[in-house]
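# Coordinate inspection notes
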Amino acid sequence: MKQYAIKILADHILVTNSADFQATRGLVFQQWNDIAKACAKSGLKKVLIHGVGFERKLNTAEIFRTGDAFPGLGLLGMRVALCFPGYKTDELSGFFRTVADNRGVELCFFGELEAAAEWLGIASSKQQTTRMTPA
């Protein structure tokens, strides 16, 4: 069973991580690959990644390699909000944001869903992020 589900909505791609989501190199790369496919299929450039649980198991080099892969995945010009309730940005999230920005992907971390939706310029996905079961 995947630790996330991807849903194409009218104005953005919604990615919902399971409560036990663990950000490992393999899982994160697969997730970005699946996001790229959904964006290519839909033509959408806005992505909201949301989860109630988040455990990062990536070091600095793995974070760099993840962001460095964005152009090859066709993610140029994307705007991505990563929202994890109560999340506090740290040095590694700032580094990931810089790597993404240098590769043509605007990315920002949020601790509140409403702030993430506002930054993306989308209607709030609050109702859509609750009750979603990962595929």
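Now for a look at the structure at hand. (Residues numbered from 1 in each chain as written. Predicted model: local features only at pLDDT ≥ 70, side-chain atom pairs only at ≥ 80, totals over all residues. Heavy atoms only, no water.)

## Some thoughts on the pairing of strand S1 (residues 4-8)
Here is the rule: Here the rule is simple: two strands pair whenever DSSP picks up at least two bridges between them. Per the convention used, a helix needs a DSSP run of H or I reaching at least four residues, while a strand needs a run of E reaching at least two, with both numbered from the N terminus.
In this sheet, strand S2 (residues 13-17) lies alongside S1 in antiparallel orientation, the contact comprising five bridges. Its bridge partner lying in S2, Ala5 is registered against Thr16. The antiparallel hairpin formed by S1 and S2 contains four residues in its connecting segment.

## Examining the nonpolar core
Heads up, the condition is: Within this scheme, the nonpolar core is defined by two criteria: the residues are buried Ala, Val, Leu, Ile, Met, Phe, Trp, Tyr or Cys, and they are joined through side-chain atoms within 4.5 Å. Exposure categories follow from relative accessible area, calculated using a 1.4 Å probe and restricted to protein chains: below 20% of the type maximum is buried, above 50% is exposed, and the middle band is partly exposed. Whether two residues are in contact is decided by their heavy atoms: any pair within 4.5 Å suffices.
Judged by nonpolar contacts, the single largest core of 30 residues is most densely connected at Trp32, Val47, Ile49, Phe70, Leu75, Val80 and Leu107. By residue number, the principal contributor to this core is helix H1 (residues 25-42), which donates seven residues. Setting aside anything within four residues of it in sequence, one finds Val80 in contact with Trp32, Val47, Ile49, Val105, Glu106, Leu107, Cys108, Trp119 and Leu120. Core analysis: the next-biggest nonpolar cluster, separate from the first, contains 13 residues, Cys83, Ala116, Trp119 and Ile122 among them.

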